[in-house]
Amino acid sequence: MRAAVITVFGDPSALKEADVDTPSPGRGQVLVRVRAAGVNPIEAKVRAGAFGLPAPAVIGFEFAGVVEALGDGVVGVQPGDRIAGWPDSPAQGSYAEYTLSSNYTSIPDGVTFEQAAATVIGADNAARGLSELHLRAGETLLVTGASGALGSAAVQFARLAGVTVIGVAGPSSLPFVEGLGATAVEYGDGLVERVRAAAPQGIDAVLDTAGRGLLPAAIELRGGNERVVTLADAVADRYGVPFSYGNESNRNSAYVHDALERIAAGEWVTRIGHTLPLAQASEAHRILETGHTSGKIILTP
């Protein structure tokens, strides 16, 4: 099969399209023909050498595709079914024509592969982070990075639960955030004052999905570090704030399926900024690292 392979970790040029062996599903796994793979900031860090993956490696942490073959013990799906989920190995991921998975959900009719692939990590991480804040209907939530995959998922889950949302975003993304049902506030100097003007009743909880050093402002707006959670700032412990991150032990496909069902029903928006062929994986990472993607980047093997 064709895959974007890393033999030496480094800058985006480390991603090279090459022929590799197609994997075979083990017990409990399905072999998936990947039709779309989301591109995420964490993958850029892995490509640069973080987390010490062995080379050669095929990265890519979310997929949408079609079941090609079943391993022993797999029930509930058949070849030809459309599914979305997570590859089982961080070094045998979704930047490839095929991947292996044991954690996935079905893709409803009316949802494209690109929409599904753009939803997996965002919906799961956002829902987990929100659950740690114990929000109640009528409360006010501040979401940083509200226009990104994680932030926009958090805004939509919170609004569906009857929570008022203040969403922080860049100037070009403010209309998108408003369209999700949040009050949009622009990044930059004076952020605390702008948020206070938008939410004179105060902020009940904060979910940081941006990781741009905004935790001090979040804590100031909250009046302390209680009910502040970050999905993106690895130095959160300096501020006494939980850093909630996804891993194989806490991924919940039910959150993903909920979001996909809502896409099918016209109740959920997924913004895709770029769709590129697998051969342009390195270009996808270059775009990602500019920080100006205007939506999710998708690779199509």
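See the structure above.
Source: prediction; values computed, not measured.

What about the overall build of the chain?
Working step 1: Across its full length, the chain carries nine helices and 14 strands.
Working step 2: For the chain, the spread of C-alpha atoms along the principal axes amounts to about 60 × 40 × 30 Å.
Working step 3: Of the contacts formed within the chain by residues at least 6 apart in sequence, a portion of 65% connects residues at least 24 apart.
Working step 4: Put simply, the chain has 22 plus and 32 minus side-chain charges, and the middle of one group is 2 Å from the middle of the other.

Some words on the nonpolar core
Working step 1: Among the nonpolar cores identified, the biggest contains 83 residues, and V30, I83, Y95, L141, L207 and L299 are the most heavily contacted of them.
Working step 2: Among the elements that line this core, the one with the most residues is strand β3 (residues 30–39), at seven residues.
Working step 3: Counting 20 residues, the second-largest nonpolar core is a separate cluster that includes I166, V192, I219 and A236.

Here's the deal with unusual backbone geometry
Leaving glycine out, the prevailing phi sign among residues is negative, and the prevailing peptide bond configuration is trans.
Working step 1: Geometrically, the link from A55 to P56 is a cis peptide bond, its omega value of 0° lying close to zero.
Working step 2: For H134, which is not a glycine, the phi torsion comes out positive at approximately 55°.
Working step 3: Using a relative accessible area of 58% as the deciding quantity, one classes H134 as exposed.
Working step 4: For S294, which is not a glycine, the phi torsion comes out positive at approximately 50°.

Topic: the sheet that holds strand β8 (residues 140–144)
Working step 1: Taken in spatial order, the five strands make up an open sheet running β10-β9-β8-β11-β12, and their pairing is parallel. A single partner strand is all that each edge strand has here, and the edge strands are β10 (183–186) and β12 (228–230). Each adjacent strand pair in this sheet contributes to an overall mean axis angle of 20°, direction not counted.
Working step 2: As defined by bridge partners, β8 adjoins strand β9 (residues 164–169) across five bridges and the pair is classed as parallel. In the sheet register, T140 faces β9, and the bridge partner there is T164.
Working step 3: The strands touched by helix α6 (residues 191–198) within the sheet are β8, β9 and β10, with β10 carrying the most contacts at an inclination of about 160°.

A few points about the packing of aromatic side chains
Working step 1: Across all of its chains, the model carries two aromatic pairs by this definition.
Working step 2: Between F157 and W268 the ring centres are 4.8 Å apart and the planes differ by 65°, which places this aromatic pair in the edge-to-face class. Of the two residues, F157 is situated in helix α4 (residues 149–160) and W268 in the loop between α8 (253–264) and β13 (272–277); the sequence distance between them amounts to 111 residues. For the pair shown, F157 and W268 are each scored as buried.
Working step 3: A centroid spacing of 5.6 Å and a plane angle of 45° characterise the contact between F243 and Y245, whose relative ring orientation is tilted.

With respect to the environment of A69
Working step 1: Secondary-structure assignment places A69 in strand β4 (residues 63–70).
Working step 2: Taking the C-alpha atoms as reference points, A69 and L31, separated by 38 residues in sequence, lie 5.1 Å from one another.
Working step 3: The residues contacting A69, other than those within four sequence positions of it, are P25, V30 and L31.

Things to note about the packing of helix α3 (residues 120–131) against α4
A pair of packed helices is characterised by two quantities: the angle between their axes and the separation of those axes.
Working step 1: Between α3 and α4, whose axes approach to 8 Å, the crossing angle comes to 55°. Taken together, the axes of α3 and α4 lie oblique to each other. Handedness of the α3/α4 crossing: right-handed. Every residue of α4 that contacts α3 at I121, G122, A123, N125, A126, A127 and L130 is listed here: A149, L150, A153, A154, F157 and A158.

Parameters at a glance
Residues numbered from 1 in each chain as written. Predicted model: local features only at pLDDT ≥ 70, side-chain atom pairs only at ≥ 80, totals over all residues. Heavy atoms only, no water. Helix = DSSP H or I, 4+ residues; strand = E, 2+ residues; numbered from the N terminus. Contact = heavy atoms within 4.5 Å. Lys, Arg positive; Asp, Glu negative; His and termini not counted. Charge placed at Lys NZ, Arg CZ, Asp CG, Glu CD. Core = buried A, V, L, I, M, F, W, Y, C linked by side-chain atoms within 4.5 Å. Buried < 20%, exposed > 50% of the residue type's maximum accessible area, 1.4 Å probe, protein only. Pairing = 2+ DSSP bridges. Axes fitted to C-alpha atoms, helices over the stretch in contact; angles between N-to-C directions. Phe/Tyr/Trp six-rings, centres within 6.5 Å; stacked < 30°, edge-to-face > 60°. Parallel < 35°, antiparallel > 145°, perpendicular 65-115°, else oblique. Left-handed = near helix turned anticlockwise from the far one by under 90°.

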